[in-house]
Every structure is written in C-alpha cells, then in structure tokens.
Amino acid sequence: MLLSYLKIAWKVLLRRKFFTFISLFGISFTLMILLVLYAMFDFTVGPQMPEKRLSRLLFISQLALLGQGGELGDSPPSYSFLERYVRPLRTPEKVSINTLGGTTVAYVGNQKLKLDHKYTDAEFWQVLDFDFLEGRPYTAPEVKAAAHVAVLSESGARNYFGTARGVVGRTIVTDELSYRVVGVVRDVPAARTYSYAEVWQPITTSTQDIRDPSYQGPCMAILLAHSAADAPTVQREFAQVVSRIPVPKEEGWHIDKVQIYAGSLLSTTVRDVFDNTGPDDGVAQFLAIISGLGLLFMLLPALNLVNINVSRILDRSSEIGVRKAFGATSDALIWQFLIENLFLTLLGGILGLGLAAGALHLLNSSGLIAHTQFSINSRIFLSALGAILLFGLLSGVYPAYKMSKLHVVQALKGGTNV
Amino acid sequence: MKATPLTPVLRLSEIEKVYQTRDIETVALNRVNLTIYKGEFVSIMGPSGCGKSTLLSLMGLLDEPTSGTIEVNSRPVESYSDKELAGLRNLKIGFVFQSYHLINDLTVLDNVELPLLYRPGIGGKERRQRALEALDKVGLSARTGHFPSQLSGGQRQRVAIARALIGRPEIILADEPTGNLDSVMGEEIMALLLGLNQQEGTTIVMVTHDEQQARQTERLIRLFDGSQVG
C-alpha cells in the first residue's frame, strides 16, 4: 500500500512541475534558513569542544550590585571575589577561575600581531576538554609559581611561529614578556566566548592586580559538577553562599545586595547578551520567542503548501471518488494524502539540508566568525527531520481532512462539493 | 452454472431521494421499491435525468436516500458505521463507470489491484496474482504495464471491469458502461458482462440507454421522473 502511495505521490509531483518547484523551493529555503540558524545556535551553546561535558558545566560571569533605586551597575566579578566565594564551594568537582577574553600584542619581526588571550588557572584545562595537538596544559605548581608558560591555539602558533608543529619549548613574547610554549591545542571557535583564545597564560602572570579586593573585575568562573543531576545542587550551594555575602562599602554608593548566579552555558550566554542580571535568566522567554519565530517562519510556506494541496483536490476528485467507491475509508485517504505530503516535504527537506550544508560551508570559508567550522551534526540532522515532519503534518492535515470528506458522488462527477 | 435468483442481495424499500437547494427542491427518486437477487442481470433504463444514476449510487452505498430503507444482508444500511459501509463497498460491490475513472498515474495492473489495497490480510503477491487473473478474464493480459492513456476506450473499460471483478464482489453496478464507446466496442463490453453473469453467476445491475442491450438482460426496470414505471 505504501509503495502504491509513493508511486502516486511521485507521479503527482511530476505531473505539476511548476507547483512542485514552488513547494520544494518554499520548503527547502525555509529549512535551510532554520538549519543555518540552529547550527549557529548549537555551535555557540551546544556541547561542542571544549565545552563537551556541557550538562555538568556552570558559568559565573556577571555580578550586579543593587541599591534602593534598583541596579547600580553590573560587570564581571573580580578574581579575589571568585577566589573567596566560588573556589571554596564544596559541591562542584572542580572550579576554574579565568579572565574574560582580551588581546595581547606580540611582534613577528617588525609586524605587530594581536592575539586573543585569556589568563586561566590550571583547573581550566581539567574543567574543559581541549584537543591538544602537542605538548600539555600548564600545571597547578606552574600557576602557583607564576611560571611564564603558555598554551597556544593552532592558528595562534601558526601566526606567530609560521607553523603549528614543533613549537613546544619555543618562546613567545607577548606584551614584552617571554613565555615558554608548553602546548598547542586545536582552534576553539570564537563563538565559544568563555573558553576561546589564541594564547592562554597562567592567571598569576597577569599584569593586572588580581588581588584587588573589590567585587567587580575582569574574571569569570567555570564550575564542573560531579554529574548533570548534581548541577542544581551546585547552583543551590552557590545561591546560599551569595545570600551571606557582605555588601561592599563603596564611597558614594548605598549597596543593598549582591546579585550573581551560576548558570548553564545557554543561561549565561542569554544573560550576557541581553544584559540580564535578575533572578530569571530569561532562557524560557528566549526559547519561546525563537521557537515562535521559527514556527511562524515555517507557517508561511506551510500555508502556501496547504493552498496548493487544496487546489490539487480538484484535480484528483475522480481518484478520490474511485478509492472511496472501492472501499477506502476516510482514515485511509487521510493517511494516503499525509504520506504523499510527507514524501514531498522530505524531498524538500533533503534539498534544504544540502542547501544548509552549502550555506554553512560558505559561512565557514568567509571567516566571518574566527575559527568557526559550522557543520550539520547529528543533533542538527535530527532536528531537521523533526522540522520536516512538523512541516509535513502542518501543511498536510487540513487538505487531507478536506480530501477525505469529499462526497463520493460529487467527486466522481469531478466536483469538489464536500 | 447459474444461481437460482432467490437470495436477495440488495433490497430497496420506498426509496426517495430529494435534492434540496435554497430555492428548488428536485425529486430524483420517488418511492422506488426494488430487490436484486443473487445471479440476476438487471438493467435500468429511462430518459436522461430520470434518476437512474442516483438509484445506482444508492445501491452502491455511495449516497444516502432522503427516506426509505436500503438493506444489505437483511440489515438496513443506516445501522452500519461509515467504516463498515466502506468495508461493504469493498467486499460486496464492484463499480463500472461510464467514463472508466481509471487513475491515470497508475499502470493497468496497479489500477486493477486498487480494491484489494483496502482489504486487510491480502499481501502484495496475492494482489498481483489476482490482478493478473482479472486482466486475463477481460483479455488484457498483454497490457499490464500500460497506462490508461495508452489504451483505447474499450480497453479502458475492460480494465475498469477487471478492477470491479478483482474483489470477487457479490454484485457489479455498471453505470452506462458502453455509453462512451462505439457500437463494436460496446458489444464487446456487453458480451463480457453477459459472460460474467452467465458463466460465473455474477450479479449485475446496469444502467443503459441502449434498448438492445437492455433486452439481453433478464430483467428491465424503467424509470421515469424518478418513479418506477416498469
């Protein structure tokens, strides 16, 4: 039966080539845009290198000071704040404190080279999962001793040394300070803002005063929970600690409360992007809005397809009449039409996947976002299948229902009186 | 081997069919009483618009009467659910239409198989086998892979008859099966239907305009303005 439906579906597609083209174009173009956006989303906040154990990771990157008139200001927390209130937490497996990204200057001959860099502790390399191409991460004793050692990204090494191979043991001079290269890692996409850099150096070698006792500074923390299920326990412990933090005394300011949260990568990214420091991270609204927009975006070609499908009923009334006359139930006709429609949307979906892969390739080679290698991974592929199914059902149910309700005598006469 | 015409296949009692639009009420059938017995070949005649096709649609359970009762297996059709009615059409009735109503996108073989698609428990192999047998009966074994557009009118009607036969229905309802054919092809189709009735005992009800064809059947029902006149 399925084969018979597919045969008919194929013939119907070939019979009305123009409508088929319009339908396929609508489906594939819509899907391409959705997939490209989803690939970018997944690449930014999905479980990708180096945040592979994403469900166990929590990020702390914004600290807000509240006064009577509301928020007095927000900025990243300081190193000393994180050392005092985050490092001693008992529930996480590991805690890493590092600076948010910045740039450092190096010279290659007379050429000035700007490198994105990050100061980190030794735990940074244990909390995250970098791919080491050669060498090793720097160790806790090296960080404690403020050893001038560095880990470079592949492209950082290539830009400075002209090669990414055999550079371990060589010296890189940044901001007029010499560092010995101990390791080279695979490039991290710039979209992974909390781990990305081209040069990582021990936080104890920072030229800034990391011992400054004020709460606000240039740092962030990454926490690794024992398990995904344990992450909320870590968040609760941190919330308890935060509730006991003494409010800082700053001249000219009356501060009532310190507000700071540990959240998932998505939660922290949404907070940072929308500068939201309140108790609600805004992820639910964010996801609702983008899902709504996605659905709305799919609705337009779906409505177009509904329209085309309804008009096709006129063409096929004789067939529907015959099928009913020979014993097809309404359910059987609904299934037939849905399968046909899913077949069409699946074709459009395959085209859309191809177009999305092409568009992502173009984006990758354009260098718009540094070191980015967007690709269609299994998550994106499965989401595409889900979207195709949703699209097929969205555009097929109403015409299928209308088709099944066609009055058989009218249908055999070629009319569409339902 | 012909069955004794005593077992009723279909019984219509006091059937009325009225088409109602906002301004006009058209009586298509008026108090029609009719029983079709197993193995009969009955023809229905009458001028255009007298209700012949409406009567055939009602007998084929494709439409509902405005009043009156249609009984299948001595049970009124209104007591069947939509799903059961679809099952009855599939098992008991085969249709042959004046304009063939073959599906142009399907081959001859796929067209003939169609009724068995809706019959549970019949696999693809058996469907194919029975379609080939039905096509053999109508003399079209050599055309199984053709599409309807590649056949003559007479051949298309043979395919339609094969499609009506494949489900081994108790009754074939043929609505002017020779209406679109020239006289030679019309005679061929008529001979085929007579053969099915006389050799295989298939019950046939045929609407026709052709007096000569009607005379070849066992019983003739005449309709005029929706009423039975003979």
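Our subject is the structure that appears above.
Residues numbered from 1 in each chain as written. Chains lettered and ligands numbered in written order. Predicted model: local features only at pLDDT ≥ 70, side-chain atom pairs only at ≥ 80, totals over all residues. Heavy atoms only, no water.

To describe two helices that pack against each other, one gives the angle between their axes and the distance between the axes. Residues and elements named next belong to chain A. Contact geometry for helix α2 (residues 17–45) and helix α12 (residues 378–404): axes closest at 10 Å, N-to-C directions at 145°. Seen from above, α2 lies across α12 with right-handed handedness. Along the contact surface, α2 presents I27, L31, L35, Y38, A39 and D42, while α12 presents R379, I380, S383, A384, A387, I388 and F391. Looking at the contact of α2 with α12 residue by residue, the class counts come to 10 nonpolar, one polar and two charged. (Axes fitted to C-alpha atoms, helices over the stretch in contact; angles between N-to-C directions. Helix = DSSP H or I, 4+ residues; strand = E, 2+ residues; numbered from the N terminus. Left-handed = near helix turned anticlockwise from the far one by under 90°. Contact = heavy atoms within 4.5 Å. Nonpolar A, V, L, I, M, F, W, Y, C, P; charged D, E, K, R; others polar.)

Let us now look at the environment of I369 of chain A. Residue and element names in this part refer to chain A. Examined against the element boundaries, I369 turns out to sit in the loop between α11 (330–366) and α12. Given the relative accessible area of 27%, I369 is considered partly exposed. Along the backbone, I369 and A191 are 178 residues apart, and their C-alpha atoms lie at a distance of 7.1 Å. In contact with I369, other than residues within four places in its own chain, are M40, A190, A191 and F374. (Buried < 20%, exposed > 50% of the residue type's maximum accessible area, 1.4 Å probe, protein only.)

Before going further, it helps to spend a moment on the interface of chain B and chain A. Each partner contributes residues to the interface: chain B has 23 residues there, and chain A has 25 residues. Carbon and sulfur atoms supply 63% of the area buried between chain B and chain A, which totals about 2200 Å² over both sides. The largest share of the area that chain B buries against chain A comes from H101, D105 and Y118 of chain B, three residues that together contribute 30% of it. Linking chain B with chain A are one salt bridge. One can count six residue pairs in polar contact (both at pLDDT 80 or more) joining chain B with chain A. (Buried area = accessible area lost by both parts, 1.4 Å probe. Salt bridge = Lys/Arg side-chain N within 4 Å of Asp/Glu carboxyl O. Polar contact = N/O pair within 3.5 Å; in protein donor to acceptor, adjacent residues only side chain to side chain.)

So, about the pairing of strand β3 (residues 41–45) of chain B. All names here are of chain B. Counting buried positions over the five residues of β3 gives five, a clear majority of the element. Residues F41, S43 and M45 point to one face of β3 and V42 and I44 to the other, with burial holding for every one of them. Here β3 pairs with strand β8 (residues 203–207) via four bridges, running parallel. Bridge pairing links V42 to V205 in β8. Note that β3 and strand β9 (residues 219–224) share four bridges and pair parallel. Note on β9: the bridge partner recorded for I44 is I221. (Pairing = 2+ DSSP bridges.)

This is a description of form; function is not addressed.
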